[in-house]
Amino acid sequence: MAASSSTVSSDARGKKNLLNVDRISMLPDEVLLMILEKIPTEEAVRTSLLSTRWKGVWKYLPSLIFDMRKTCNAQMGSLADRSGDIADLITKIINNHKGHLEYCRIHHFSYQSKDGALEAWIRTLIHVKGTKSLSLLNHLGHNRRASMLHLLPNTFSHPALTSLSLYRYDFETANPFNKCDNLMILQLGRICAEVGVFNTIIAACPSLKVLVLEITAYSQVGCLKIHNNNLKLLHVTCSHIDRIDVSAPLLDIFSIRFTFVTKDNFLLAAPRVLQINKSYWAAKARTPHISYNISGNAQEKESIEHKFVVSRDTNYLVRFQSLAVIVDLMNPREVQMLREVLVAWNGIMRKLEISFTDTNIPKKEGESSISGAEKKKWEDGQIFPNADFRVDVLWMFNFNGCDENQFELASRFVTQGTVMRKMMIKTSLIPPSEETEAAVAKLMELPKGNEELSIELCF
């Protein structure tokens, strides 16, 4: 019995020792960094106090995110004093970080634009840390004027920097953007400058694929020129201005938001998006709307603009209430891209327009437009599962009753309750073919996920 008691006691001590073992600290640095990426940067830095094993691990984080709004709220004193102390801490963290950065975002107050802290961060992050993606957001605090950025020429010109986002600043000149052929993504949010400054900035960035402009011009006089042979995505929101001239032959994704647009003061030379909706000027200029030529964009091997659209980090889609797309349902990649856009949509869409590529090519009797495996995916709901996406009115253009993919997509929208009020089906043939009329009649007979849904065939 004594021996048995000793064994039990030994086992208990062994189990206790196992519980006291810090197994997390035994993990390799790569895994520890994955853990630190999930928590705020300030907390990641504090892990250096846990033990010698954790000391300095945070210095190799691939991204740094600072939000002075949250940190300052937890401290006493004036906002200027609190933000100054936090700015000093941010400076130390940036300077102590090792290696290069994939991404850095800083929410700061206008004080940091005046004391030189912001300019120092920008220089270090770009030209020392080789940051690939930089996002700077100015929160005005008690000073309701935007911050003037006084930066050296070529500040944003660095081969590592490919994405830049600036929010609520004033620019006197475009000098910081000199020779910025490195930038592929540029977002200017609530930026104030002369029209000529904006034109120079855009012209200095010839490699742009994504350009988001939410700007205010000091003067209404002038023409905003957006001429770029590589641009794939363009969003423009601006105050009144004399004229806007856009030339972008590869543009696939386009959105515009201002009330004074007319055919006379807005020139758009972008054939790939103009295919989508020729009635844009009549109905959509005053409604937050996005046009997306998925068929054109799917030709890209790696579409950074599509990733930008569907990313939760960019919040690009929250600006809009309606969407128009061109898509080829015979192309699995295009179908997947359409699905990703709809799943990423925020809230109920007011209007969705789907233009199918021309499928009025005669098929032999019994020939299917899709493979058996693809057809089974449609029938099993794997292509468009019942997600939270809802749309008030759906238009389907160039609908062909012989196309199984189009019918399957429409039927899923009907049975899942995706379309809430109207489904308008328009054929390219006048009058519509018997097959199309039969397909629409079959759609009307399906059990509806929304009893108020009406289905119409238009031509």
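Residues numbered from 1 in each chain as written. Predicted model: local features only at pLDDT ≥ 70, side-chain atom pairs only at ≥ 80, totals over all residues. Heavy atoms only, no water.

1. What about the sheet that holds strand E11 (residues 243-247)?
Strand order in the open sheet made by the 3 strands is E9-E11-E13, with parallel pairing throughout. Only two strands of the sheet have a single neighbouring strand rather than two, namely strand E9 (223-227) and strand E13 (266-269). Averaged over all pairs of adjacent strands, the angle between their axes in this sheet comes to 5°, without regard to strand direction. (Pairing = 2+ DSSP bridges. Helix = DSSP H or I, 4+ residues; strand = E, 2+ residues; numbered from the N terminus. Axes fitted to C-alpha atoms, helices over the stretch in contact; angles between N-to-C directions.)

2. Description of unusual backbone geometry
Residues Ile-430 and Pro-431 are joined by a peptide bond in cis, for which omega reads -5°. We note that Asn-154 has phi near 65°; this positive angle belongs to a residue other than glycine. Mapped onto the elements, Asn-154 comes out in the loop between strand E4 (147-148) and strand E5 (163-167). Judged by relative accessible area, Asn-154 falls into the partly exposed class, the value being 29%. Even without glycine at this site, Asn-398 takes up a positive phi of about 60°. (Buried < 20%, exposed > 50% of the residue type's maximum accessible area, 1.4 Å probe, protein only.)

3. Quick word on the pattern of salt bridges
This structure, assessed with the given rule, holds 8 salt bridges. With its nearest N and O atoms 3.2 Å apart, the salt bridge here joins Arg-421 to Asp-392. In this pair, Arg-421 sits in strand E18 (residues 419-426) while Asp-392 sits in strand E17 (residues 391-397), placing the two residues 29 residues apart along the sequence. A relative accessible area of 22% means that Asp-392 is categorised as partly exposed. Linked by salt bridges that have partners in common, Lys-232, Asp-252 and Arg-272 make up one network. (Salt bridge = Lys/Arg side-chain N within 4 Å of Asp/Glu carboxyl O.)

4. Regarding the packing of helix H15 (residues 404-415) against helix H16 (residues 434-445)
The geometry of H15 relative to H16 is characterised by a closest axis approach of 10 Å and an angle of 20° between their N-to-C directions. Accordingly, the angle class assigned to the pair H15 and H16 is roughly parallel. Crossing of H15 over H16 shows right-handed handedness. For the pair H15 and H16, the contacting residues are Phe-407, Ala-410, Ser-411 and Val-414 in the first and Ala-439, Lys-442 and Leu-443 in the second. (Parallel < 35°, antiparallel > 145°, perpendicular 65-115°, else oblique. Left-handed = near helix turned anticlockwise from the far one by under 90°. Contact = heavy atoms within 4.5 Å.)

5. Thoughts on the layout of surface pockets
By volume, the largest pocket is sized at about 970 Å³. Lining the largest pocket are 31 residues; nearest its centre among them are Tyr-103, Gln-187, Phe-308, Asp-313 and Thr-314. Secondary structure elements with two or more residues in the lining of the largest pocket: strand E2 (103-109), strand E3 (133-139), E5, strand E7 (185-193), strand E8 (210-217) and helix H12 (304-310). Across the lining of the largest pocket, the residue classes break down as 12 nonpolar, 11 polar and 8 charged. There is about 480 Å³ of room inside the second largest pocket. Every residue lining the second largest pocket is counted, 22 residues in all, and those nearest its centre are Pro-40, Thr-41, Glu-42, Glu-43 and Ile-65. With 5 residues, the top contributor of residues to the lining of the second largest pocket is helix H3 (residues 41-46). Here the lining of the second largest pocket is composed, by residue class, of 10 nonpolar, 5 polar and 7 charged. (1 Å grid on protein atoms, 1.4 Å probe; cavity = no way out; pocket = protein on both sides within 12 Å on 5 of 7 lines; lining within 4 Å. Points joined across faces, edges and corners; volume = space filled by probe spheres on them. Nonpolar A, V, L, I, M, F, W, Y, C, P; charged D, E, K, R; others polar.)

6. Structural notes on a negative patch on the surface
A grouping of Asp-81, Asp-85, Asp-88 and Asp-115 is seen on the molecular surface, where their side chains present a negatively charged patch. Following the sequence through the fold, Asp-88 ends up in helix H5 (residues 79-96). (Patch = residues over 30% accessible without salt bridge, like charges linked within 9 Å, V, L, I, M, F, W, Y side chains within 5 Å. Areas by Shrake-Rupley, 256 points an atom, 1.4 Å probe, with all protein chains shown as cover. Lys, Arg positive; Asp, Glu negative; His and termini not counted. Charge placed at Lys NZ, Arg CZ, Asp CG, Glu CD.)

7. What about the environment of Ile-202?
Mapped onto the elements, Ile-202 comes out in helix H8 (residues 195-203). Taking the C-alpha atoms as reference points, Ile-202 and Phe-177, separated by 25 residues in sequence, lie 8.8 Å from one another. Setting aside its immediate chain neighbours within four residues, Ile-202 contacts Leu-211, Leu-213, Leu-224, Lys-225 and Ile-226.

8. Description of the confidence of the model for the chain
Scored by pLDDT, the chain comes out at a mean of 84, with 81% of its residues at no less than 70. In the predicted structure, residues 14-19 sits below a pLDDT of 50 and forms 1 contact with residues beyond four places in sequence or in another chain. Throughout residues 360-369 the model reports pLDDT below 50, and contacts reaching past four residues in sequence, or to other chains, amount to 10 contacts. (pLDDT = per-residue confidence, 0-100.)

9. What to know about H15
Spanning 12 residues, H15 covers 16 Å between terminal C-alpha atoms, matching the ideal 16 Å at 1.5 Å per step. With respect to burial, H15 is a largely interior element, 10 of its 12 residues being buried. Those residues of H15 that fall on the buried side of the exposure criterion are Asn-405, Gln-406, Phe-407, Glu-408, Leu-409, Ala-410, Ser-411, Arg-412, Phe-413 and Val-414. Where H15 starts, the residue carrying a side-chain oxygen 2.9 Å from the main-chain nitrogen of Asn-405 turns out to be Asp-403. At the exit of H15 stands Gly-417, carrying a positive phi of roughly 75°. (Expected span 1.5 Å × (residues − 1). Polar contact = N/O pair within 3.5 Å; in protein donor to acceptor, adjacent residues only side chain to side chain.)

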